[in-house]
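# Summary of the model geometry
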Amino acid sequence: MQKRLLYLFIGLLAVLIAQAQKPKTPSSSEIYQSLQKLNFLGSVLYVAAHPDDENTRLISYMSNHVKARTAYLSLTRGDGGQNLIGPEIRELLGVIRTQELLAARRIDGGEQLFTRANDFGYSKHPDETLEIWNKDEVLSDVVLAIRQFKPDVIINRFDHRRAGKTHGHHTSSAMLSMEAFDLANDSSAYPNQLNQTSLWQPKRLFYNTSWWRYGSHEEFDKIDKSNMLSFDIGTYYPLKGMSNNELASLASSQHLCQGFGRLAQRGTQNEYIEFLKGDPLTDNDHIFSGIDTSWNRVKGGKAIGDILYAIEENFNFKNPSVHIPQLLKAYQLIQKISDAHWKTQKTKELKSIIEMCAGLYLEASAETNWATGGETINLNIEVLNRSDLPIILTSIQNSNDITISKNIELKGNTKYDFKETLKIKNDAKPTTPYWLNEKGTLGMYKVDDMALIGLPETPRVYTIGFNVLIDNVPLTFTKPIIQRFSKPDKGELYRPFEIIPEASAKITEKVIILNNDQQRDITVVVKAGRDNLEGDVEVCHPNDWNIFPKKQKIAIAHKGEEQTLVFTVIPPKNQSEGFMSPIVHIGDKDYTKELIEIDYEHIPFQTVLLPSESKVVRLDIEKRGENIGYIQGAGDVVPESLEQIGYNVRVITLDEITSDTLSNFDAIVVGIRAFNILDDIEFKQQQLFDFVSNGGNVIVQYSTSYGLKTKDLAPFDLELSHDRVTDENAEVRFLNPDHEVLNFPNKITQNDFEGWTQERGLYFANNWGREFTPILSMNDKDEVPKEGSLLIAQHGKGYYIYTGLSFFREFPAGVSGAYRLFANILSLGKDDVKEALKLTD
């Protein structure tokens, strides 16, 4: 049910989705709103830690009501979160969440910035966060963002005074913002940045507070608000046909991978910001109090303002093109102002408005959405002037600095099509997120090019510049090359134009588990980026493993096609693990990366190149039982992982949960967050309880403690909490070392808790009935022990298990101990296990 609602919601946002992937064709009201923003010379920078931390209500209010240039600086890309819509985690999840932020900004009118910080997972204290992040590097990125964006006002999402009381990333974002506020205007701080930007001193810094900071509306009502500003962010926008909070709800609903699809809000709603530092407020009603946000702010600006304010006052909604002559005069005057920052920013905004007023449609569409170095691609150039103004297309210029003369007068509403070719440079770099080009650390992405630091995505290299004359004023409009195509069941579609390598390869399984020393076949898939690809493939492997054959030939006739190869893996006799990587040899070049495609309807199509490797584990593991039913939750690869160790796994829906169906399984595993997202799961609980009573096992993986769909998580009392252990190396203590789950069929030792990734677990239980037996105790540094990570209760003939241990993260990382422990959980109570236990007594 929840997934059906999610897909329905995506469908309702179809118009917004289309806007995210096709050229803008703005209405007169949108042009007018752009003109209003052009006439406001002020800016706001909103600062927080992750995608979906941002207050879209306030960002939208600043952008659409105040008319300020507004940006959100997210210190991370959210790589450490969970994914409710697909299997992508870590770096690939960061790519999705980056695009969801950009989709949100397209709706609320903001811009998007980042630092190089990597979301390494939940952190309980800013001291830990800033040590893992490398405080100095992230602070330098925040300073750089301020110097480049030049905000008058900075608003922190979180409170810098709450160290240790909330997520360490959250507090760190506020602490760094506080420090950067002063450093941005200090020439001794990060002086190398001044080669490409300049010093800047923001005027004020605020904290976006709310009742939740104080625990309740009642407590918030009691506090002194004399140092705060408040806004009614429910203001209605007639030009948009919706209120600010409706718009903000649409923006925040772009965070679909985090389950943020939600109902719109309407009506009066107050937002509060607390003054922290900077120039004292002289007008308690306005965030820009005492700051000149008119054209008088810049030298020579009055003449520009006289033109543009008059256009705003007398805007012609029926025919915006009548304003172009005056807009061109303002454009020429802007080119003469000395303030480089405002000259650059307002030139960009004004050119866009001129293009919109003229109804110019400029498009460069490639015959394919990707190409390789050295390839020549065909382009279809479309130019359309939908105004009565005489416009001359003098020439077009491609990314190779080749100018093609045209000298065509663009007659009103007459489409001009041109067929051109573009030669891709032989040394063209593949298109991939720039922050993934080099291997970073746990807390930082490695980006050395300062021109890239902070950008939301990799700049498009291949563009077409349209050189035009409008009233004898030369202007250039630059458009990225895209692919425009159609599908019978979807209509017109757009994809970015990407550069890919001539060959890429992957092993189809990211984790390969072998529970004995018998050889096994693996599949390698090679994809051709060009026609007539020939070469050979080998698989690198650990020294104590063997691969047969050593090499295999490939011959692929057409680009985009794939060839599948089968290699035989021969594992060692004893337990061992390592990595295998395919290498494609084409002439004197080697290719070692996998081409990953991310394709969701609410974000643009993405291609990502990552090192192609799979973890191989020769694992000493025993198991009992054969058939597992899996109730899918928010999305993970646990079913595939269990198949790796020999289980037959069938994913079942709630509708399939009947006594007859359940009788086919030895155990049922409930996916992560299932009790948060499956609306009807409460109606199936009794059948699951009966399954346990009759001898089956039910293993429930974590759900969050809030938003549960049922109060009856188990046949006995069970309450979840926010307890978690974020240190993946935290000591694990055995509370009941003789319990069968730690002994059969696999003897669990401390070695099984080595090599875990990101965390031990989350959303542990904190209260449970006496029927449950806690198995493990663990805690982060300086915290009390937590015993709710693995609870086992016998119910009738079977066992009901709750676990907050992060198996969903450990399985994809090939953590052998996680597999061994989970096999023991599935094997609980099986007859041969009980017999083995009796023999040891």
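Structure first, text after, so check above.
Residues numbered from 1 in each chain as written. Predicted model: local features only at pLDDT ≥ 70, side-chain atom pairs only at ≥ 80, totals over all residues. Heavy atoms only, no water.

### Examining the overall build of the protein chain
As a reminder, the rule being used: Only DSSP runs of H or I covering at least 4 residues are called helices, and only runs of E covering at least 2 are called strands; the numbering of each starts at the N terminus. Computation of the radius of gyration draws on C-alpha atoms alone. For the globule rule, the value is 2.2 Å times the number of residues to the power 0.38. Burial status follows relative accessibility: with a 1.4 Å probe on protein chains alone, a residue under 20% of its type maximum counts as buried, one over 50% as exposed, and anything between as partly exposed. Here, residues are in contact when the closest pair of their heavy atoms is within 4.5 Å. To be clear on the numbers: accessible area is Shrake-Rupley with a 1.4 Å probe, and residue cover counts the displayed protein chains and nothing else. In this count, Lys and Arg are taken as positive residues and Asp and Glu as negative ones, while His and the chain termini are left out. Charge positions come from single atoms, namely NZ of Lys, CZ of Arg, CG of Asp or CD of Glu.
The secondary structure content of the protein chain amounts to 20 helices and 45 strands. Radius of gyration (C-alpha) of the protein chain: 30 Å, near the 28 Å computed for a compact globule of 841 residues. When each of the 841 residues of the protein chain is scored for burial, the buried share is 58%. Sequence-distant contacts, at least 24 apart, represent 74% of the contacts inside the protein chain between residues at least 6 apart. Accessible surface for the protein chain amounts to roughly 35300 Å². Of this, 47% is attributable to carbon and sulfur atoms. Across the protein chain, the 91 positively charged side chains and the 113 negatively charged ones have centroids separated by 5 Å.

### With respect to the packing of helix α12 (residues 324–334) against helix α13 (residues 340–357)
Note the cut-off: To obtain an axis, a line is fitted to C-alpha atoms, over the contacting stretch when the element is a helix, and the angle between two such axes runs from 0 to 180 degrees between their N-to-C directions. Here the word oblique covers every angle except those under 35 degrees (roughly parallel), over 145 (roughly antiparallel) and from 65 to 115 (roughly perpendicular). Handedness of a crossing follows from how the near helix is turned relative to the far one, being left-handed for an anticlockwise turn of less than a right angle and right-handed for a clockwise one.
Two elements in contact, α12 and α13, have axes whose closest approach is 10 Å; the angle formed by their N-to-C orientations is 165 degrees. The angle between α12 and α13 falls in the class roughly antiparallel. As α12 packs across α13, the resulting crossing turns out to be left-handed. Across the interface between the two elements, Ile324, Leu327, Leu328, Ala330, Tyr331 and Ile334 from α12 touch Lys343, Lys346, Thr347, Leu350, Lys351, Ile353, Ile354 and Cys357 from α13.

### Some thoughts on helix α4 (residues 56–65)
Counted only if it meets this: Polar contacts here mean pairs of N or O atoms no more than 3.5 Å apart (in protein, one a potential hydrogen donor and the other a potential acceptor; neighbouring residues in sequence count only if both atoms are side-chain atoms).
Burial within α4 is extensive, with 8 of its 10 residues counted as buried. Those residues of α4 lying buried are Thr56, Leu58, Ile59, Ser60, Tyr61, Met62, Ser63 and Asn64. Of the residues that open α4, the one with a side-chain oxygen 3.0 Å from the backbone nitrogen of Arg57 is Asn55.

### Some words on the sheet that holds strand β35 (residues 667–670)
For clarity, the cut-off: Note on pairing: two strands pair once DSSP finds at least 2 bridges between them.
Spatial strand order, β34-β33-β35-β36-β45-β44-β42: 7 strands in an open sheet with mixed pairing. Each of the sheet's edge strands pairs with one partner strand only, and the pair in question is β34 (648–652) and β42 (772–774). Pairwise comparison of adjacent strand axes, ignoring direction, gives a mean angle of 20 degrees for this sheet. Relative to β34, strand β33 (residues 627–631) is paired through 5 bridges, and the arrangement is parallel. Each bridged residue has a counterpart across the sheet, and for Asn627 the counterpart in β34 is Asn648. Of the strands in this sheet, β33, β35, β36 (697–701), β44 (790–795) and β45 (798–803) are in contact with helix α17 (residues 685–693), which crosses β45 at around 125 degrees. Taken strand by strand, helix α19 (residues 816–826) contacts β33, β35, β36, β44 and β45, and its axis lies near 140 degrees from that of β36.

### What about the side chain of His341?
With respect to the element layout, His341 can be found in helix α13. Judged by its relative accessible area of 16%, His341 falls in the buried class. Excluding residues within four positions of it along the chain, His341 makes contact with Arg69, Gln148, Phe149 and Lys150.

### Side note on the packing of aromatic side chains
The condition is simple: Any Phe, Tyr or Trp ring, taking Trp's six-membered ring, that has another such ring centre within 6.5 Å forms a pair; planes under 30 degrees apart are called stacked, those over 60 apart edge-to-face, and the others tilted. For a lysine, the NZ atom is tested; for an arginine, the CZ atom; a charge sits over a ring if that atom is within 6 Å of the ring centre and within 35 degrees of the ring normal.
A full pass over the atoms with the stated rule returns 23 aromatic pairs. The positively charged end of Lys225 is found above the aromatic ring belonging to Phe220, 4.5 Å away from the centroid. Of note, Arg724 hangs over the ring of Tyr122, and the distance from its end group to the ring centre comes to 4.1 Å.

Function cannot be inferred from these measures alone, as they are strictly geometric.
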